Amino acid sequence: MKRSELVRGLSLSATTSLVVGTIIGTGVFLKSARMAQAVGTPTLVLLAWVAAGFLSLAGALSYAELGAMLPAAGGEYVYLRAAYGDLPAFLFGWMRLVVGSTGSLASFAAGFAIFLGALVPLKTVWAQHSFEILGRKIDWSFGEQQIVAIVVLVLLSAINCLRVAFGGRVQSFFTLAKVLAIVTIMAGAFFFAPSASWDHLRTPADAAAWSGFSAFGAAMLAALWAYDGWNNMPMAAGEVKDPGRNVPRGLIMGMLIVLAVYLSVNLAYCYSLPIADIASSSSPLHPGALPVAAKAAQSFLPRYGSGLMAVAAVLSTVGALNGSILTGARIPFAMARDGLFFSRFADLSANTAVPVAAIIFQCMWAIVLILSATFDQLTDCVVFAGMIFYASTTAAVFVLRRKMPNAPRPYKTLGYPFVPLVFILVALWLLENTLYTARVESVAGLILIALGLPVFYWQKKIRRNAPSPS
């Protein structure tokens, strides 16, 4: 017998773990290098982490109101449909399917392979090619790292075809493990690194105290990938126990934990390493270098530091990948249930009550992305495409307060209307800045979103011509 309703099996602890687990992934281990290259000083790197964190918190505070008011599977899709109608909601769901959720899955899987390569050599490359798009050189390759990324993605997708409560327990385990591993690196860098010094936080003599808004925006974009995922938990709101209380509580508690972890660990990086060492860490400019987290770990554990970082990063990435698989598949499920997408995605497994078809499809498309782009290309594209709809969804707080003034709101956005308004304005500035600083990834995101228009009207035509039920 087919099931038609999701099971509310996620407790507050699992919900909070889902927030923390889907946010903390690869960015905290890698992105500080690109940020240091963009802004040049420890102070601005830390300030970019703070700015990106508070921007994400402002978004989470706004989403908490929407999630408590409309606690159904689909997250932003549900809120956008209530505020603006079918087309914006469909385009969001399409974006998540072809860029947002699947791009995140591909990025996490690629990051897992990068970090695992520090423990097990994964250097064999069977094919590679370089080409130029929009004046930018793109390096493509296929080898052992891509195979490993695909295997871990398929394995965790299979696990998420089991009951959601099991997926929630898996998420809680990996979240706790990754936080403990990150705290270990942070504590070692603070208390046991012999070369650590607060002088490392001074502005270098050859660097400007302020590098400009464009460079700061590029640093924020890098940090926002590390924070990306704060919006994922509401996608699974239809499976949260007592959602009116646990959705906003889980969002806010999870974001505060992530803020504390990110600021502490990046302060540890800047305390234990000179800014030049951070800037020369693993990145597109230094593809063969160690990640910044590995350098920080080696500062207090020269022989085993790189291995310690790799274990922490592998745990972190697996947790983020697992959480993103769980939440991302709920969007095509919600779209199909509302008649806006292929009906097959609305089916739930009779045994596990999860949308297996949606999980399988997002896994297959994420594999295509793994084979098509590099880690940094994927993350920039995901953040840019997602920011368009983050701003639109946050604006839905204003729209729904006018459109549905009497709807029950167990939680109301803290600092309304200033908190959501600041989020929207900063998001619009970041979109404009990213079009300038990451043209290839921005244009790719816009094209993939636009491809959803013919699909929407095709589905609309099919619905219009379908025979009415007798």
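Please read all numbers here as calculations on a predicted model, not as lab measurements.

Asks: Explain the overall build of the protein residue by residue, including any values.
Replies: Counting secondary structure elements, the protein contains 18 helices and two strands. Taken across its 470 residues, the protein has 58% of its residues classed as buried. Across the protein, contacts joining residues at least 24 apart in sequence account for 82% of those joining residues at least 6 apart.

Asks: Residues and numbers for the pattern of salt bridges, please.
Replies: Any two side chains of opposite charge can pair if their charged atoms end up close together. Scanning the entire structure with this criterion turns up five salt bridges. Note that R81 and D86 form a salt bridge whose closest N and O atoms lie 2.8 Å from each other. Taking the relative accessible area as the measure of exposure, D86 reaches 28% and is therefore partly exposed. The salt bridge partner of R202 is D199, with a shortest N-O separation of 3.1 Å. Where salt bridges share partners, they join E65, R401 and R409 into one cluster.

Asks: Quick rundown of the packing of aromatic side chains? Include the residues and the values.
Replies: In this structure the tally under the stated criterion is 15 aromatic pairs. Considering the side-chain rings of F108 and W225, the 5.3 Å spacing of their centres and the 35 degrees angle between planes classify their relative orientation as tilted. Within this pair, whereas F108 is found in helix α5 (residues 86–116), its partner W225 is found in helix α8 (residues 213–227), the two being separated by 117 residues in sequence. Of the two residues, F108 and W225, both sit in the buried class.

Asks: Just give me the short version of the nonpolar core, but keep the residues and values in it.
Replies: It is characteristic of soluble globular proteins that their nonpolar side chains tend to be buried jointly. Core analysis: the biggest nonpolar cluster contains 148 residues, and F29, L153 and Y262 have the highest contact counts within it. Top element by residues in this core is α5. It accounts for 17 residues. When residues no more than four places from it in sequence are discounted, the contact partners of F29 are F115, I182, Y269, P291, V292, A293, M309, A312, A313 and S316.

Asks: Tell me about the side chain of S281, residues and numbers included.
Replies: Looking at where S281 falls in the secondary structure, it is placed in the loop between α10 (275–279) and α11 (292–300). Residue S281 is classed as buried on the basis of its relative accessible area of 0%. Engagement of the side chain of S281 in a polar contact is seen with the backbone oxygen of I278, the distance being 3.1 Å. In this structure, S281 is in contact with A33, Q37, H286, A289, L290, P291, V292 and K295, ignoring residues within four places of it in sequence.

Asks: Run through helix α14 (residues 356–370), naming residues and quoting values.
Replies: For α14, which comprises 15 residues, the first-to-last C-alpha distance of 21 Å matches the rise-based estimate of 21 Å (1.5 Å per residue) to within 8%. Taken as a whole, α14 has its buried residues at A357, A358, I359, Q362, C363, A366, I367, L369 and I370. Looking at the buried positions of α14, the neighbouring elements they touch are α5, α6 (144–159), α12 (305–328), α13 (330–337) and α15 (375–403).

Asks: Tell me what's going on with the environment of V39, and back it up with residues and numbers.
Replies: In this fold, V39 is placed in helix α2 (residues 27–39). Separated by 174 residues in sequence, V39 and F213 have C-alpha atoms that sit 9.6 Å apart. With near-sequence residues (within four places) excluded, V39 lies in contact with L44, V45, S211, A215, F216 and A219.

Asks: Talk me through α2; I want residue IDs and the actual numbers.
Replies: Helix length check: α2 (13 residues) gives 17 Å between terminal C-alpha atoms against 18 Å at 1.5 Å per residue, within 8%. Most of α2 is tucked away: 10 of the 13 residues are buried. All of the buried residues in α2 are G27, V28, F29, L30, K31, S32, A33, M35, A36 and V39. G40 occupies a position one or two residues after α2 and carries a positive phi of about 85 degrees.

Asks: Describe the environment of P71, naming the residues involved and giving the relevant values.
Replies: As for its placement among the helices and strands, P71 is situated in the loop between α3 (42–69) and α4 (76–84). When its relative accessible area of 23% is taken as the criterion, P71 is described as partly exposed. Here the alpha-carbon distance between P71 and V240, two residues 169 residues apart in the chain, equals 8.3 Å.

Asks: For a positive patch on the surface, give the residues involved together with the corresponding values.
Replies: Side chains of K460, K461, R463 and R464 sit close together on the surface and give a patch of like positive charge. Locating K461 in the fold gives a position in helix α18 (residues 452–465).

Asks: Tell me about a nonpolar patch on the surface, and name the residues and values.
Replies: A cluster of nonpolar side chains, L119, V120 and V311, forms an exposed patch at the surface whose accessible area comes to about 230 Å². Locating V311 in the fold gives a position in helix α12.

Asks: Help me get a handle on the packing of α3 against α15, residues and values and all.
Replies: Where α3 meets α15, the closest approach of the two axes is 9 Å, and the angle between their N-to-C directions is 60 degrees. Judged by the inter-axis angle, α3 sits oblique to α15. For α3 against α15, the interelement crossing comes out left-handed. Touching S62, Y63, E65, L66 and M69 of α3 are F389, Y390, T393, T394, A396, V397, L400 and R401, all from α15.

Asks: Break down the confidence of the model for the protein for me, citing the residues and quoting the values.
Replies: Mean pLDDT over the protein works out to 82, with 90% of the residues at or above the 70 mark. The lowest-confidence element of the protein is strand β2 (residues 136–143), averaging 70 in pLDDT; the highest-confidence one is α10, averaging 91.

Asks: Which residues make up the environment of F342, and what values go with them?
Replies: Among the secondary structure elements, F342 is positioned in the loop between α13 and α14. Considered as a pair, F342 and Q459 are 117 residues apart in the sequence and their alpha carbons are 8.0 Å apart. Apart from residues lying up to four places away in sequence, F342 is in contact with A336, W458 and Q459.

Asks: Residues and numbers for the packing of α5 against α18, please.
Replies: Between α5 and α18, the shortest axis-to-axis distance is 10 Å and the interhelical angle comes to 125 degrees. The pairing of α5 with α18 is recorded here as oblique in orientation. Seen from above, α5 lies across α18 with right-handed handedness. Judged by residue contacts, D86, L87, F90, L91 and W94 of α5 engage G452, L453, V455, F456 and Y457 from α18. The residue makeup of the contact of α5 with α18, split by class, is eight nonpolar, one polar and one charged.

Reading guide: rules and limits
- Residues numbered from 1 in each chain as written.
- Predicted model: local features only at pLDDT ≥ 70, side-chain atom pairs only at ≥ 80, totals over all residues.
- Heavy atoms only, no water.
- Helix = DSSP H or I, 4+ residues; strand = E, 2+ residues; numbered from the N terminus.
- Buried < 20%, exposed > 50% of the residue type's maximum accessible area, 1.4 Å probe, protein only.
- Contact = heavy atoms within 4.5 Å.
- Salt bridge = Lys/Arg side-chain N within 4 Å of Asp/Glu carboxyl O.
- Phe/Tyr/Trp six-rings, centres within 6.5 Å; stacked < 30°, edge-to-face > 60°.
- Core = buried A, V, L, I, M, F, W, Y, C linked by side-chain atoms within 4.5 Å.
- Polar contact = N/O pair within 3.5 Å; in protein donor to acceptor, adjacent residues only side chain to side chain.
- Expected span 1.5 Å × (residues − 1).
- Patch = residues over 30% accessible without salt bridge, like charges linked within 9 Å, V, L, I, M, F, W, Y side chains within 5 Å.
- Areas by Shrake-Rupley, 256 points an atom, 1.4 Å probe, with all protein chains shown as cover.
- Lys, Arg positive; Asp, Glu negative; His and termini not counted.
- Charge placed at Lys NZ, Arg CZ, Asp CG, Glu CD.
- Axes fitted to C-alpha atoms, helices over the stretch in contact; angles between N-to-C directions.
- Parallel < 35°, antiparallel > 145°, perpendicular 65-115°, else oblique.
- Left-handed = near helix turned anticlockwise from the far one by under 90°.
- pLDDT = per-residue confidence, 0-100.
- Nonpolar A, V, L, I, M, F, W, Y, C, P; charged D, E, K, R; others polar.

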